[in-house]
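Overview (structure and organization)
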Amino acid sequence: MKLVTIIGARPQIIKAAALSRAIKNHYSNRIQEVIVHTGQHYDDNMSQVFFDELGIPHPDYNLHVGSASHGVQTARMTEGIEEVLLKEKPDFIVLYGDTNSTLAGAVAAAKIHVPIVHIEAGLRSFNKSMPEEINRIVCDHCSTLLFTPTKAGLENLKREGFPMDNDGPFTIDNPKVYHCGDIMYDNSLYFASIAEQKTDIIQRLGLTSNPFILATIHRDSNTDHPERLNAIFEALIQLSKTTQVVLPLHPRTAKLLKTNLDSEKQTQIFNRPSISIIPPVSFLEMIALERHTQLVMTDSGGVQKEAYFFKKPCIILRPETEWVEIVETGNAILVDADETRIMQAWQHFEGNPPTAFPEIFGDGHAAEFMLEQMLLTNATRK
Ligand code: UD1
Ligand code: UDP
């Protein structure tokens with residue numbers, strides 16, 4: 001069986017590590033994986049570092065699309081992916097998540113009848129002003145095999161009319177939905193102990209004995225709106241009066257801080273010893289930070305889940321989340337970009353640190369399950 005895997009943005013590169021590892025360890029004589037990097041993320045610390053660190057095979061193709069408006073970026077990727085698919089003639093294209101690279105892969109593949117495997121299917125924010133919501137809906141509805149990480153994802157697909165008890169052969173018109181756990185849980189389990197041995201970020205940042213807050217901010221709904229960005233940073237400044245704040249800065253945010261954050265706040269955040277603004281870190285470093293932090297504050301999809309994996313409370317800097325289970329279990333609180341709500345959530349978790357983190361993201365073997373289903377579906381088509 002031949003797979004073409006599309007990656008492009010940081011979280012997709014990390015997710016791909018789990019599937020590539022499972023192929024290498026268990027299926028190397030039965031599955032060939034061709035990796036296509038769209039080039040959506042390209043800085044070394046947003047891309048190459050993950051190949052170096054996580055054992056992901058070097059991409060067979062790099063489309064080098066770089067940054068551009070949604071339409072231009074997606075169009076360039078679609079063109080490049082179509083060309084690769086026509087040449088490689090894979091049995092499946094594998095698409096992760098909800099980025100423009102996912103959308104481009106879905107459109108390119110569906111039109112030339114390459115069956116799509118969507119990993120992280122079914123997630124919904126019910127907020128179509130997010131580019132990711134458009135991308136994931138389109139991808140789900142063009143897919144043949146849909147692997148949903150959560151029960152909420154399964155329910156969403158059911159509500160949208162996906163069949164649940166259907167038999168094969170599975171096609172774009174008779175898609176198959178599997179609820180199978182989260183491939184990022186596979187990765188977090190696998191890399192957790194490796195991270196402790198191979199990184200020294202906790203020592204390097206002087207965090208060994210001090211509790212600290214780990215924050216990430218990159219969502220366009222926060223970075224592109226000055227009032228929201230200022231509210232979030234005002235809260236971080238307040239929190240930094242009593243607690244160390246560590247903020248690995250996404251390049252989008254780094255760029256937009258200069259224009260969208262009040263200059264007096266810029267001076268404060270870059271000059272306060274209790275706010276450590278650092279370049280994006282590697283995945284192993286991120287895991288180490290997540291394992292040692294007191295609390296995570298983020299608008300990232302991946303990071304809010306990793307907080308849960310490592311049993312840390314999370315303040316979600318968004319009005320809603322696709323990962324509703326972590327809010328329902330009381331381990332995360334949605335605060336939007338509201339300074340007062342951020343401070344209230346912080347006080348809540350300081351007084352009541354959560355202790356129960358039920359297993360809702362599978363058993364750490366989602367990748368093997370997915371590959372088995374792909375092999376089975378492929379066998380019935382031949
Ligand atoms: C993208 C995804 C988002 C995902 C995020 C993960 C879409 C629509 N958005 O958002 O869902 O959560 O990746 O990080 O696909 N830039 C650099 N260097 C890089 C990459 C980006 O400087 O290596 C800067 C550029 O100024 C670029 C901006 O970041 O314009 C945004 O990059 P882009 O990939 O368009 O979107 P993200 O905000 O990263
Ligand atoms: N991550 C990382 N270094 C960082 C910030 C995040 O390795 O400096 C990892 C993080 O652990 C998670 C993934 O990147 O696995 C999440 O990516 P991001 O927040 O960019 O995107 P999202 O998940 O919101 O799409």
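The following paragraphs examine the structure supplied in this document. (Residues numbered from 1 in each chain as written. Chains lettered and ligands numbered in written order. Predicted model: local features only at pLDDT ≥ 70, side-chain atom pairs only at ≥ 80, totals over all residues. Heavy atoms only, no water.)

The immediate surroundings of ligand 2 are formed by 19 residues, with Arg-10, Val-281, Ser-300, Gly-302 and Glu-306 found nearest. At a separation of 2.8 Å, an oxygen atom of ligand 2 approaches a polar side-chain atom of Arg-10. For ligand 2, the accessible surface in isolation is 530 Å², of which the surrounding protein chains cover 94%. Elements supplying a minimum of two residues to the shell around ligand 2: α1 (10-26), α13 (283-292) and α14 (301-309). The element contributing the most residues to the shell around ligand 2 is α14, with four residues. (Near = heavy atom within 4 Å. Polar contact = N/O pair within 3.5 Å; in protein donor to acceptor, adjacent residues only side chain to side chain. Areas by Shrake-Rupley, 256 points an atom, 1.4 Å probe, with all protein chains shown as cover. Helix = DSSP H or I, 4+ residues; strand = E, 2+ residues; numbered from the N terminus.)

Take the packing of helix α7 (residues 183-198) against α13 next. With their axes 8 Å apart at the nearest point, α7 and α13 run at an angle of 90° to one another. It follows that α7 is roughly perpendicular to α13 by the angle criterion. Residues Met-184, Asn-187, Ser-188, Phe-191, Ala-192, Ile-194, Ala-195, Glu-196 and Lys-198 of α7 form the contact with α13, whose participating residues are Phe-283, Leu-284, Ile-287, Ala-288, Arg-291 and His-292. For the contact of α7 with α13, a count of residues per class yields nine nonpolar, three polar and three charged. (Axes fitted to C-alpha atoms, helices over the stretch in contact; angles between N-to-C directions. Parallel < 35°, antiparallel > 145°, perpendicular 65-115°, else oblique. Contact = heavy atoms within 4.5 Å. Nonpolar A, V, L, I, M, F, W, Y, C, P; charged D, E, K, R; others polar.)

In the region of ligand 1, 20 residues are neighbours, and His-41, Tyr-42, Asn-100, Glu-132 and Arg-252 sit closest. His-41 has a polar side-chain atom sitting 2.8 Å from an oxygen atom of ligand 1. The separation between an oxygen atom of ligand 1 and a polar side-chain atom of Lys-255 is 3.1 Å. When the free accessible area of ligand 1 is taken as 750 Å², the share hidden by the protein chains comes to 88%. Counting residues per element, the ones that place at least two in the shell around ligand 1 are α3 (70-88) and α11 (251-260). Of the residues forming the shell around ligand 1, the biggest block, three residues, is contributed by α11.

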